[in-house]
Amino acid sequence: MEQNGESHLKEPLLPASSGASPAGASPRKERKTRKVMFSVHGISCASCAVSIETVVAGLKGVESIQVSPLQGQAVVQYRPEETDTRTIKEAIEELNFEVDELQEQEIAVCRLRIKGMACTSCSESVERALQMVPGVKKAAVGLALEEAKVHYDPNVTSRDLIIEAVEDAGFGADLISSGDDVNKVHLKLEGLNSPEDTKLIQTVLETTEGVNHVEWDTVEQTIKVAYDPDITGPRLLIQCIQNAAQPPKCFNATLHSPPKQREAERNHEIRNYRNQFLWSCLFSVPVFLFSMVFPMISPYGDWLSYRICNNMTIGMLLRWLLCSPVQFIVGWRFYIGAYHALKRGYSNMDVLVALGTNAAYFYSVYIVLKALTSSSFEGQDFFETSAMLVSFILLGKYLEVVAKGKTSDALSKLTELAPETACLLSFDKDGNTISETEISTQLLQRNDVIKIVPGTKVPVDGVVIKGQSHVNESMITGEARPIAKKPGDRVIGGTVNDNGCIIVKATHVGSETALSQIVQLVEAAQLARAPVQKLADKISRFFVPTVVVAAFLTWLGWFIPGQFHLYPKHWIPKAMDSFELALQFGISVLVVACPCALGLATPTAVMVATGKGASQGVLIKGGNALEKAHKIKAIIFDKTGTLTVGKPSVVQTKVFSKIPLLELCDLAAGAEVNSEHPLSKTIVEHTKKLREQYGSHSDHIMESRDFEVHPGAGVSANVEGKLVLVGNKRLMQEFEVELSPEVEAYMSETEELARTCILVAIDKIICGALAVSDPLKPEAGRVISYLKSMGISSIMVTGDNWATAKSIAKEVGISQVFAEIDPVGKAEKIKDMQMQGLTVAMVGDGINDSPALAAADVGMAIGAGTDVAIEAADIVLMKSSLEDVITAIDLSRKTLSRIRLNYVWALGYNVLGMPVAAGVLFPFTGIRLPPWLAGACMAASSVSVVCSSLLLQLYKKPLHVEDAPRPTDGTDLV
């Protein structure tokens, strides 16, 4: 792993989420004008280019155009609010030139909160609607998360059109975030007395460098400003607003904390379902009492049988009056959902509920009207069926929403780790502290200097510039031991300072902090659809139509035999006829089937698992990685930094010529200083220590030219006019350097001790060697043994020599070893194993491991390694402990088991429930499932699936390795 230091201050601790603006760029300028490139065919001369330039330059909104006749390309700079790429393209085509599709399309990303999704059919409908929008490149919709992530071309479409497409599909949509407002601040404004004041502040902010977007809320008198943290920050924005006031006016802006949108909407949804359920109970409970209870209690229920007109009784009229509000007011949401579903050509739960309740309600209305007009007609209404059905379904949705809210508890706890305030230091010109101010963490800006006293939380990511302490990072990385921090070491926002006072310079604020990026990564994982979800998607496409057909066949199956007296008459309950009995069975089949449970089986389990993993330092990038991890049969381990601690040190030096040892090390360090490899850093550090021993305190490293990395072999460079080679035997062979028997003997002796021998050649003559030792991680042996007990074979692949590799492999218990392999060779070894039908995982930590991490079925970046390794990995292990490899695989297996169990709950319920509802048991046992009870069962199935997923919250790590404290100097950080 890399040492901490000043050179890494600008590197993100985790890769930026897609959609974030690149550092250093000013997105605000990109918003004002956009550049687009066309490939134009048929430009034969300069006059053709001039004619295109003349026509396009005359279009409103076009700022500039350059046409290259040789390359056949046109580059246009334009203002998107006045024109678009389609207009420009058509203008060129009108000149009889053929214009190909746009080159270098700009891709923007936005996240939407989707309201009203009930099952997989709903999420698929939203996804289809989004993908049909021109300019949308990719859309992913998460049912359990109730969110959509859309990649689109802003030249072709906009966020408003995307939201409109979702609303046209019958669902609500609110913008959560877009690529240009990743860093934003909400401010409450005071002192504004007129529209002119509002316009003034908006103009001042929009013209401020680094401001991307300004959005007003005139009702609340608040403003949301999206900004580039490289250029400006919240305190500067507040100062701009205050400076905009001309005396005697005085503007003031304070930090405003809007209610958390997701939590607020979740609470609103819970209240909404609860209120709807209570309102439905207000009407449906009396209906139930008037139809099922009071008639059984004489004489208290006799008044319900009094006839008003012909055979219509008071009980019928009351049940009709009380049921109608439930059917058409409380139950209106089912009509809306069914209408939009059928309009888009698919069916969902709302269709089943609307069909079932309408059949019961309108048949009952027919009975009432018939009784009203006839003195001899006798029939039984089913108003209680309709009312109770709606009530039980609303109760089920209420319980489901409450349970679903708990699936993201782990993620919510992560977001609450950062402290609310921070102690900001101010300095004079000489660097002396002149003030300490307690401010909101949200007002911190990059390069601010903050003071962190013992027992308080670190507010943002930064680097220690003064003081020493130990920091507890267990809440982020899962690392139980406090990590020692000294000047130059990085600290992570949300962690706790244990015992010393440290001064920290902020390097990453807002959405750039490791904590924010962990949350973004987990949210993206929860949005990704697992392959196992495809089963539910396939079933949902024909589930509802199949249920409708089954309900109709059930009705026919009971009605026709009843009409022809093919079953005993005593089977028909009193006050019913064969038609009514058949109708009850048909309605029960309609409402007992539950597509919601199927749709929730996978995403709820993935949500809980990814959140639980994140809280234990294991970041799983989506359902795909989660599903593949449970199939792993072989794991390939890198050696340096993975099986070993990753802090190699030079334990022995050997000189084979008359060159002084210090000069030899100086030349080697001059060649290695530009390399990122851990062994290179070790040689540089050893040279600095050697200088101190010789009485030299200079940190100057000899300058090198023609530096070149030879993957898997070493480096070469021209230092002080000499060709310096630093590397292994293969590097020496590449440059045809002769290895004397003395050198060969020293190499063999070193490698037998599990040390890495680094040869140093000057002008193609080997002048010395350095023996480097990297101690094994204490838990390595137990982890390899545990993996073996899980039926997983372990393989070590390293660029180190065979002797060292075999010695280390033997010590940890690995039998299969591949040594002296370059990064590309590692990826090829993985592909060879995959060809044998094995699911292969790769565990690595460095840039040189990224090709192998990408090639593996499951790539695991350990110790949060480097940004490149994290980008290539499917699973990020936040700390350096190998036990988390087992945690990732075990959590994956437990999650897949839970998903299968959820499918058993969902499918088993439907498979068993539908035949019972259809009356299969009725002829033999007399057991019948009334429609209202079928509705209660339908509601219970969704709740049972969500509760089943919530049991993953109880997950415990299978392996806890207790060992002696490892040396800690901060390099275990993200």
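Just so we're clear, the structure is a prediction, and the values are computed from it rather than from any experiment.

A. Highlighting the overall build of the protein chain. Summing up its helical and strand segments, the protein chain has 32 helices and 36 strands in all. The buried share among the 974 residues of the protein chain stands at 56%. In the protein chain, 71% of the contacts between residues at least 6 apart in sequence involve partners at least 24 apart. Of the roughly 42000 Å² that the protein chain leaves accessible, carbon and sulfur atoms contribute 56%.

B. Representation of the nonpolar core within the structure. Within the largest apolar cluster, 147 residues are counted, with the highest numbers of intra-cluster contacts made by I635, M860 and I875. When residues of this core are assigned to their parent elements, the largest contribution, twelve residues, is made by helix α11 (residues 349-373). Apart from residues lying up to four places away in sequence, I635 is in contact with L787, I792, S793, S794, I795, A841, V843, V885 and I889. Grouped together as the second largest cluster of nonpolar side chains are 35 residues, I201, I241, I439 and V504 included.

C. Main features of the environment of A625. Among the secondary structure elements, A625 is positioned in helix α19 (residues 623-629). Through-space distance from the C-alpha of A625 to that of G859 is 8.7 Å; in sequence the pair is 234 residues apart. Discounting chain neighbours no more than four positions away, the residues touching A625 are I620, V858, D874 and I875.

D. Structural context of the packing of aromatic side chains. On inspection of all chains with the given rule, the structure shows 22 aromatic pairs. Judged by centre distance (5.9 Å) and plane angle (80 degrees), the ring pair of F290 and W303 falls under edge-to-face. Of this pair, F290 sits in helix α8 (residues 261-293) while W303 sits in the loop between α8 and β13 (307-309); the two residues are 13 residues apart in sequence, bridging distant segments of the chain. Residue classification places F290 among the buried positions, given a relative accessible area of 13%. With a centroid separation of 5.1 Å and 45 degrees between ring planes, the pair formed by Y363 and F579 is classed as tilted. Note that Y363 is positioned in helix α11 and F579 in helix α17 (residues 578-592), a separation of 216 residues in sequence. The exposure class assigned to Y363 is buried, which follows from its relative accessible area of 10%. Taken together, the ring pairs in this structure connect F328, W332, Y335, Y361, F362 and F383 into an aromatic cluster. Taking the ring centre of F334 as reference, the NZ or CZ of R333 above it sits at 5.5 Å.

E. Representation of the packing of helix α9 (residues 314-330) against helix α10 (residues 332-343). Viewed as axis vectors pointing N to C, α9 and α10 meet at an angle of 40 degrees, and their least axial separation amounts to 4 Å. Our classification of the angle between α9 and α10 gives oblique. Contacts from Q327, F328, I329 and V330 of α9 reach α10 at W332, R333 and Y335. For the contact of α9 with α10, the residue count by class is five nonpolar, one polar and one charged.

F. Focus on the pattern of salt bridges. Following the criterion strictly, the structure yields 15 salt bridges and no others. Between R79 and E63 there is a salt bridge; the shortest N-O distance is 3.0 Å. Here R79, found in the loop between β3 (73-78) and α3 (85-93), pairs with E63, found in strand β2 (residues 62-68); they are 16 residues apart in sequence, far enough to count as distant. Note that E147 is salt-bridged to R113, the shortest N-O span being 3.5 Å. Placement of the pair is E147 in strand β7 (residues 147-152) and R113 in strand β5 (residues 108-115), with a sequence separation of 34 residues. Accessibility expressed as a relative area gives 1% for E147, which makes it buried. Salt bridges sharing partners connect three or more residues here, namely E63, R79 and E82.

G. Region of interest: unusual backbone geometry. In this structure, N310 is a non-glycine residue whose phi angle is positive, near 50 degrees. Structurally, N310 is set in the loop between β13 and β14 (312-313). The class of N310 is partly exposed, set by a relative accessible area of 35%. In this structure, E720 takes a positive phi of about 55 degrees despite not being glycine.

H. Highlighting the UniProt feature "transmembrane region" (unreviewed entry) in the protein chain. In the numbering adopted here, UniProt assigns the feature "transmembrane region" (unreviewed entry) to residues 277-297, 317-336, 348-369, 381-399, 542-561, 581-602, 903-926 and 932-952. From the first C-alpha to the last, residues 277-297 spans 27 Å; its make-up is 81% helix and 0% strand.

I. Local environment of the pairing of strand β15 (residues 421-427). The pairing of β15 with strand β16 (residues 433-440) spans seven bridges and is antiparallel. Counterpart to C423 in the pairing with β16 is E438. The turn joining β15 and β16, which pair antiparallel and follow one another in sequence, is formed by five residues; a positive phi near 85 degrees is taken by G431. Of the pairings in the sheet, the one linking β15 to strand β17 (residues 449-452) comprises two bridges and is antiparallel in character. Looking at the pairing, L424 lines up with I450 of β17.

J. Representation of the sheet that holds strand β33 (residues 816-818) in the model. Pairing is mixed in the open sheet, where seven strands are placed in the order β24-β36-β35-β34-β25-β32-β33. Of all the strands in the sheet, just β24 (618-620) and β33 have a single pairing partner and so form its edges. Strand-to-strand, the axes of this sheet are offset by a mean angle of 20 degrees, without reference to chain direction. Bridge count for strand β25 (residues 634-637) against strand β34 (residues 840-844) is four bridges, and the pairing is parallel. Across the sheet, I636 pairs through a bridge with M842, a residue of β34. Across the face of the sheet, helix α27 (residues 823-835) comes into contact with β25, β32 (793-797), β33 and β34 while running at roughly 160 degrees to β34.

K. Main features of a negative patch on the surface. Negative charge collects at one region of the surface, where D84, E90, E93, E94 and E98 lie side by side. Along the polypeptide, E90 turns up in helix α3.

L. Structural view of the sheet that holds strand β10 (residues 211-217). Across the sheet, four strands lie side by side as β10-β11-β9-β12; this open sheet has antiparallel pairing. For this open sheet the edge positions go to β10 and β12 (252-255), each flanked by a neighbour on one side alone. Each adjacent strand pair in this sheet contributes to an overall mean axis angle of 30 degrees, direction not counted. Looking at chain direction, strand β9 (residues 184-190) and strand β11 (residues 222-227) are connected through five bridges and run antiparallel. By the bridge assignment for β11, L187 is matched with I223. Contacts from helix α6 (residues 195-206) reach β9, β10 and β11, with the element oriented near 160 degrees to β10.

M. Examining the environment of V225 more closely. On the secondary structure map, V225 appears in strand β11. Here the alpha-carbon distance between V225 and E206, two residues 19 residues apart in the chain, equals 9.2 Å. Leaving out residues up to four positions away in the same chain, V225 has contacts with N183, K184, V185, L205, V211, H213 and L237.

N. Examining helix α26 (residues 802-812) more closely. Within α26 the residues assigned to the buried category are T804, A805, I808, A809 and V812. Buried residues along α26 cover an arc of 125 degrees about the axis, so they all sit on one side. The exposed residues of α26 that point more than 90 degrees off its buried face are K806, K810 and E811. On its buried side, α26 packs onto α20 (639-643), α24 (741-752), β30 (756-762), α25 (780-789), β32 and β33. Just beyond α26, the residue with positive phi is G813, at close to 95 degrees.

Rules and cut-offs
Residues numbered from 1 in each chain as written. Predicted model: local features only at pLDDT ≥ 70, side-chain atom pairs only at ≥ 80, totals over all residues. Heavy atoms only, no water. Helix = DSSP H or I, 4+ residues; strand = E, 2+ residues; numbered from the N terminus. Buried < 20%, exposed > 50% of the residue type's maximum accessible area, 1.4 Å probe, protein only. Contact = heavy atoms within 4.5 Å. Areas by Shrake-Rupley, 256 points an atom, 1.4 Å probe, with all protein chains shown as cover. Core = buried A, V, L, I, M, F, W, Y, C linked by side-chain atoms within 4.5 Å. Phe/Tyr/Trp six-rings, centres within 6.5 Å; stacked < 30°, edge-to-face > 60°. Lys NZ or Arg CZ within 6 Å of the ring centre and 35° of its normal. Axes fitted to C-alpha atoms, helices over the stretch in contact; angles between N-to-C directions. Parallel < 35°, antiparallel > 145°, perpendicular 65-115°, else oblique. Nonpolar A, V, L, I, M, F, W, Y, C, P; charged D, E, K, R; others polar. Salt bridge = Lys/Arg side-chain N within 4 Å of Asp/Glu carboxyl O. UniProt positions renumbered as here; feature names shortened; annotations may be inferred. Pairing = 2+ DSSP bridges. Patch = residues over 30% accessible without salt bridge, like charges linked within 9 Å, V, L, I, M, F, W, Y side chains within 5 Å. Lys, Arg positive; Asp, Glu negative; His and termini not counted. Charge placed at Lys NZ, Arg CZ, Asp CG, Glu CD. Arc of directions from axis to C-beta.

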